[in-house]
Amino acid sequence: MTIKKKAPTRTQNTSNPRYLWAFGKLIPWEEANVHITSMAWASISAVFEGIRAYWNDKEKELSVFRLDAHIKRLSNSMKLMRMVPPLGENDIENAIAELLTSNKSRENIYIMPFAYFSGSVPGYKSAYQQPAALFITAVPTESKLESNLGISCCISSWTRISDNSMPPRVKGISNYQNSRLVSTEAELNGYDAGIILNSQGKVSESAYGCIFIIRDGVAYTPPTTADILESITRDTIITLLQEDLNIPVQVRDLDRTELYVSNEMFLCGTYAEIDPVISVDRYVIGNGNPGPITEKLMDIYKRLVYGESNLHHEWVSLIHIPD
Ligand code: PMP
């Protein structure tokens, strides 16, 4: 059997960064070890964030995009899992800045704070009031905003996890079991990515990002009650479409057939950025290329995240990285 192109994977430099941040301090990358037996149950309730920082070579600055919103969501994920945060929100932001500066990171970076119950309480028992540990990694990661010809999607046969079982609002490591089943099925069937319907049969999201379609000049995206992660990029894009591109946005449930007849479609997420979709279940979207509104959005988004835009300064935290 031949398997077509793989779903997007994180591209990482072969050399590791000098430090990561763990348990209250910077630690050389190679020395950040935990005992093998603490891995399994400890990670079951782990929550994390994926944050991007973009390197602006002209200003010699890293522009961290929507840091406050990501740390707020991390707090909410910890709260929902009844995890006592080992650090306050400001301290986590300061730790990220310290890590980026100490690594002398002068390229695009993916930052991942990761919080977990560090005891070894089995996964079926309460871990309430067990100590929570936090580590943060920041690794070089390419942006796809330069060139992205679009991806093919299928509607997955798997159902999205739901708020009353595995709340997708929590950015929990275990939730990605659902994503992995979807992505593997998509790859085996020759698609780049899978779209997941929720238990109501409405469009939820993809394995790694939220969904927008454009139809007759109006943008549509499923609501946060459609079993999606409360995506920060989705929020950014709603604002950019309405305020900067004058495109009306309707947040409502979507049927799968609305995707098939849309003029444009894209997935979005911090890592995914803006991923144009050119077909769903082999129905061609628009003319089979990234649509004009999607391309405009990618252009605005790119200038914004690199800290080169006059718009929405409040979303960008600049960190100067001295030589
Ligand atoms: N949905 C899922 C399942 C995701 O993994 C992600 C990526 N974090 C998103 C949506 C997009 O969220 P954000 O824009 O906050 O990165």
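Bear in mind that the values here come from a model prediction, so they are computed numbers and not experimental data. (Residues numbered from 1 in each chain as written. Predicted model: local features only at pLDDT ≥ 70, side-chain atom pairs only at ≥ 80, totals over all residues. Heavy atoms only, no water.)

As for the overall build of the chain
Along the chain, the regular secondary structure elements total seven helices and 17 strands. Dimensions along the principal axes, computed over C-alpha positions, put the chain at roughly 50 × 50 × 40 Å. Within the span of the chain, comprising 323 residues, buried residues form 53% of the whole. When contacts within the chain are restricted to residue pairs at least 6 apart in sequence, long-range pairs at least 24 apart make up 72% of them. For the chain, the exposed surface amounts to about 15500 Å²; the carbon and sulfur share of it is 50%. Averaged over its 31 positive side-chain charges, the chain has a centre that lies 4 Å from the centre of its 37 negative ones. (Helix = DSSP H or I, 4+ residues; strand = E, 2+ residues; numbered from the N terminus. Buried < 20%, exposed > 50% of the residue type's maximum accessible area, 1.4 Å probe, protein only. Contact = heavy atoms within 4.5 Å. Areas by Shrake-Rupley, 256 points an atom, 1.4 Å probe, with all protein chains shown as cover. Lys, Arg positive; Asp, Glu negative; His and termini not counted. Charge placed at Lys NZ, Arg CZ, Asp CG, Glu CD.)

Some remarks on the side chain of Glu-49
Along the chain, Glu-49 turns up in the loop between strand S3 (47-48) and strand S4 (51-56). On the accessibility criterion, Glu-49 (0% relative accessible area) is buried. Looking at Glu-49, its side chain comes within polar contact range of the side chain of His-70, at 2.7 Å. Ignoring any residue separated from it by four or fewer positions in sequence, one finds Glu-49 in contact with His-70, Arg-73, Leu-74, Ile-111, Met-112, Pro-113 and Lys-171. (Polar contact = N/O pair within 3.5 Å; in protein donor to acceptor, adjacent residues only side chain to side chain.)

Looking at the nonpolar core
Counting 30 residues, the largest nonpolar core has Leu-62, Val-64, Ile-92, Ile-96, Leu-100, Ile-111 and Ile-136 as the members making the most contacts within it. Of all elements in the fold, only strand S1 (19-22), S4, strand S5 (61-65), helix H2 (67-80), helix H3 (89-102), strand S6 (109-117) and strand S7 (132-140) reach the threshold of two or more residues within this core. No other element matches the five residues that H3 contributes to this core. Beyond its immediate sequence surroundings of up to four residues, Val-64 is in contact with Ile-51, Arg-52, Ala-53, Leu-100, Ile-111, Trp-315, Val-316, Ser-317 and Ile-319. Core analysis: the second largest hydrophobic core is formed by 29 residues, Leu-241, Val-305, Trp-315 and Val-316 among them. (Core = buried A, V, L, I, M, F, W, Y, C linked by side-chain atoms within 4.5 Å.)

Notes on a nonpolar patch on the surface
Residues Phe-23, Val-34, Ile-36 and Met-39 make up a contiguous nonpolar surface patch of about 440 Å² in total accessible area. Secondary-structure assignment places Phe-23 in the loop between S1 and strand S2 (25-28). (Patch = residues over 30% accessible without salt bridge, like charges linked within 9 Å, V, L, I, M, F, W, Y side chains within 5 Å. Salt bridge = Lys/Arg side-chain N within 4 Å of Asp/Glu carboxyl O.)

Observations regarding the site of the ligand
By nearness alone, 16 residues border the ligand, and Arg-73, Tyr-176, Glu-205, Thr-233 and Thr-270 come closest of all. At 2.7 Å, a side-chain N or O of Arg-73 approaches an oxygen atom of the ligand. Side-chain polar atom of Glu-205 to a nitrogen atom of the ligand: 2.5 Å apart, as the coordinates give it. Relative to its unbound accessible surface of 380 Å², the ligand loses 95% to contact with the protein. At the level of secondary structure, the elements contributing two or more residues to the shell around the ligand comprise helix H5 (232-244) and strand S14 (264-269). By residue class, the composition of the shell around the ligand is seven nonpolar, five polar and four charged. (Near = heavy atom within 4 Å. Nonpolar A, V, L, I, M, F, W, Y, C, P; charged D, E, K, R; others polar.)

Things to note about helix H7 (residues 292-305)
Along its 14 residues, H7 runs 20 Å from first to last C-alpha, staying within 8% of the 20 Å computed at 1.5 Å per residue. Of all the residues in H7, the buried ones are Ile-293, Thr-294, Leu-297, Met-298, Ile-300, Tyr-301, Leu-304 and Val-305. (Expected span 1.5 Å × (residues − 1).)

Some remarks on the pairing of S6
With nine of nine residues buried, S6 is to be regarded as a mostly interior element. Burial of S6 is two-sided: the residues Ile-109, Ile-111, Pro-113, Ala-115 and Phe-117 facing one way and the residues Tyr-110, Met-112, Phe-114 and Tyr-116 facing the other way are all buried. Across two bridges, S3 lies against S6 in antiparallel orientation. Within the sheet, the bridge partner assigned to Phe-48 lies in S6 and is Phe-114. Bridging between S6 and S7 involves nine bridges; their strand directions are antiparallel. For Phe-114, the partnering residue across the bridge sits in S7 and is Phe-135. (Pairing = 2+ DSSP bridges.)

What to know about the packing of aromatic side chains
For the structure on display, the rule yields eleven aromatic pairs. Here the aromatic rings of Tyr-260 and Tyr-283 are separated by 4.1 Å at their centres, their planes lie at 25°, and the arrangement is stacked. Note that Tyr-260 is positioned in helix H6 (residues 256-260) and Tyr-283 in strand S16 (residues 283-284), a separation of 23 residues in sequence. By relative accessible area, which is 12% here, Tyr-260 ends up buried. Relative accessible area serves as the criterion here: at 45%, Tyr-283 is assigned to the partly exposed category. In textbook terms, an aromatic cluster arises when at least three aromatic residues are bridged by ring pairs, as seen for Phe-65, Tyr-301 and Trp-315. Above the face of the Tyr-191 ring, Arg-282 is positioned so that its terminal group lies 4.2 Å from the ring centre. (Phe/Tyr/Trp six-rings, centres within 6.5 Å; stacked < 30°, edge-to-face > 60°. Lys NZ or Arg CZ within 6 Å of the ring centre and 35° of its normal.)

Let's talk about the domain arrangement of the chain
Taken domain by domain, the chain comprises domain 1 (3-142 + 310-320) and domain 2 (151-289). Domain 1 and domain 2 are separated by 24 Å when their C-alpha centres are compared. Tallying the contact residues gives 33 residues for domain 1 and 27 residues for domain 2. For the domain 1 and domain 2 pair, buried surface summed over both sides reaches about 2500 Å², with 59% attributable to carbon and sulfur atoms. Our count for the contact surface shared by domain 1 and domain 2 stands at two salt bridges. Between Asp-235 and Arg-66 there is a salt bridge, with its nearest N and O atoms 2.7 Å apart. For the interface between domain 1 and domain 2, the tally reads twelve residue pairs in polar contact (both at pLDDT 80 or more). Those elements giving two or more residues to the side of domain 1 that touches domain 2 turn out to be S3, S4, H2 and S6. (Domains from an automatic or database assignment. Buried area = accessible area lost by both parts, 1.4 Å probe.)

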